[in-house]
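Listed below, chain by chain, are the residues.
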Amino acid sequence: MPVVDAKKIPTGASGFDIERVMTTAEKPGKSDGTGNFRTVCDFTHMAFDDPIVYPGQSGKSHLHAFFGNTGTNANSTADSIANTGKSSCRGGTVNRSAYWVPAMIDTLNGVPVKPASAGIYYKTGYTGIDAKNVQPFPAGMRMIAGDAKNAAPNGPFRYKCVGKGADKMVGKSIQNCPVGAELWQEVFFPQCWDGVNLDSPDHKSHMAYPTNRACPATHPVPLLDITYNIIYTITEADSPLRWRLASDNYDKSMPAGYSMHGDWFNGWKSDVMNAFVKNCDQAGLDCHSHLLGDGRMIY
């Protein structure tokens, strides 16, 4: 794995300690047949912790970058995620969910690269699931998408450049986006739940991806389709050529980024999640990154 200079770990946003919801006259827009809700979360902190894979074992994990709940650490539980901590996400403490990915490391000096932000999509998806059948996430649910031990160009992730005419640069490895462009890390989570377990021993088996435009019989409950968009702003030419993920524990001669994965721990206030699921996702409307579809918005 890349060497990490722990003294150079960047600080992040302090987050909000209040619910940030207000009334609005703005209405959801038309969509492409899917239901769309998004939110934006600032980077909060980095730590060698993973409360899903290594609960109670501080320092056990490779370095992660965290977004959302500012209190997320190795000792976080379903109760602490839902009820404690500030939030760096739009909406403040109505969304105490925890989002994390492996940190990006500049191998020139071991300095972790600070993410600009994270765009989180909660959609009905494009795999054939009927929008009206998608359900809210149950309280306490958690899951992982991708594999920290992956060392090949496959898996539920990709990298792309956005801006500066580089939008066609897309692939399974970290892209060398030009200065002024953004590098987006995308992680695609499974959408189908077994209807019983909030977690599983491998943190994946209770979930599945749709097949043949439907959820499999083993995982019959369609939930929202979560996508992470972790955004980095490129400020130095060719700097992405030096970048590797903190979890990239394979031959350095191979392209970087194959171990990309994401962890998600539900911390939404249930009435807010129920609102955007009903009025945005199930209704097949586009609520952008702030509308709840019921005369309220998060900010």
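Being a predicted model, the structure only gives us computed values, none of them experimental.

Trainee: Whenever I open this one, the overall build of the protein confuses me. Can you help?
Mentor: Regarding its fold elements, the protein presents 2 helices and 21 strands. Relative to the globule expectation of 19 Å for 299 residues, the C-alpha radius of gyration of the protein, 18 Å, shows essentially globular dimensions. With the principal axes as the frame, the protein shows a C-alpha extent of 50 × 45 × 40 Å. In the protein, 73% of the contacts between residues at least 6 apart in sequence involve partners at least 24 apart. For the protein, the accessible area works out to roughly 12,400 Å², and carbon and sulfur atoms hold 52% of it. Of the charged side chains in the protein, 28 are positive and 28 negative, and the gap between their average positions amounts to 3 Å.

Trainee: In this structure, what is going on with helix α2 (residues 270-281)? I would like to understand it.
Mentor: The periodicity of an α-helix, 3.6 residues per turn, causes residues three or four positions apart to be oriented the same way. Among all positions of α2, only V272, M273, A275, F276, V277, N279, C280 and D281 are buried. Where the residues of α2 are buried, they touch β3 (36-41), β9 (117-123), β20 (285-286) and β21 (296-298).

Trainee: Would you take a moment to explain the sheet that holds strand β8 (residues 111-113) for this structure?
Mentor: What links the strands of a sheet is backbone hydrogen bonding, and the strands pair in either a parallel or an antiparallel sense. Ordered in space as β8-β7-β18, the 3 strands form an open sheet in which the pairing is antiparallel. The two strands at the open ends of the sheet, each matched to only one other strand, are β8 and β18 (243-245). Taken over all neighbouring pairs, the strand axes of this sheet differ in orientation by 40 degrees on average, direction set aside. Direction of pairing for strand β7 (residues 104-106) relative to β18: antiparallel, over a ladder of 3 bridges.

Trainee: Is there a simple way to think about the environment of P216 in this case?
Mentor: Inspection of the secondary structure puts P216 in the loop between β15 (207-208) and β16 (221-222). Not counting residues within four places of it along the chain, the set of residues in contact with P216 comprises C192, A208, Y209 and T211.

Trainee: Would you explain the environment of C41 in this entry?
Mentor: Its place among the elements puts C41 in strand β3. Using a relative accessible area of 1% as the deciding quantity, one classes C41 as buried. Remark: the alpha-carbon pair of C41 and D147, spanning 106 residues in sequence, is separated by 23 Å. Excluding residues within four positions of it along the chain, C41 makes contact with F67, G68, S88, C89, N95, Y99, S117, A118 and I120.

The rules behind each value
- Sequence order as written defines the numbering, with residues in each chain counted from 1.
- Local features in this predicted model are restricted to residues of pLDDT 70 or higher, and side-chain atom pairs are both shown and tallied only at a pLDDT of 80 or more, whereas totals for entire chains, interfaces and linings draw on every residue.
- The basis for every side-chain value is the complete set of heavy atoms in the structure, and neither hydrogens nor water enter the calculation.
- Here a strand is any run of E in DSSP of at least two residues, a helix any run of H or I of at least four, and the numbering for each starts at the N terminus.
- Only C-alpha atoms enter the radius of gyration; for comparison, a globular chain is expected to reach 2.2 Å times N to the power 0.38, where N is the number of residues.
- Here, two residues are considered to be in contact whenever any of their heavy atoms come within 4.5 Å of each other.
- To measure how exposed things are, a 1.4 Å probe is used in the Shrake-Rupley method; for residues, cover is taken only from the protein chains shown.
- Only four residue types enter the charge count, namely Lys and Arg as positive and Asp and Glu as negative; His and the chain termini do not.
- Where a charge lies is defined by one atom per residue type, namely NZ (Lys), CZ (Arg), CG (Asp) and CD (Glu).
- Working definition: with a 1.4 Å probe on protein chains only, accessible area under 20% of the residue-type maximum means buried, over 50% means exposed, and in between means partly exposed.
- Strand pairing is assigned whenever DSSP identifies at least 2 bridges connecting the two strands.
- Each axis is a line fitted through C-alpha atoms, taken for helices only over the stretch in contact, and angles between the N-to-C directions span 0 to 180 degrees.

Geometric values such as these leave the question of function open.
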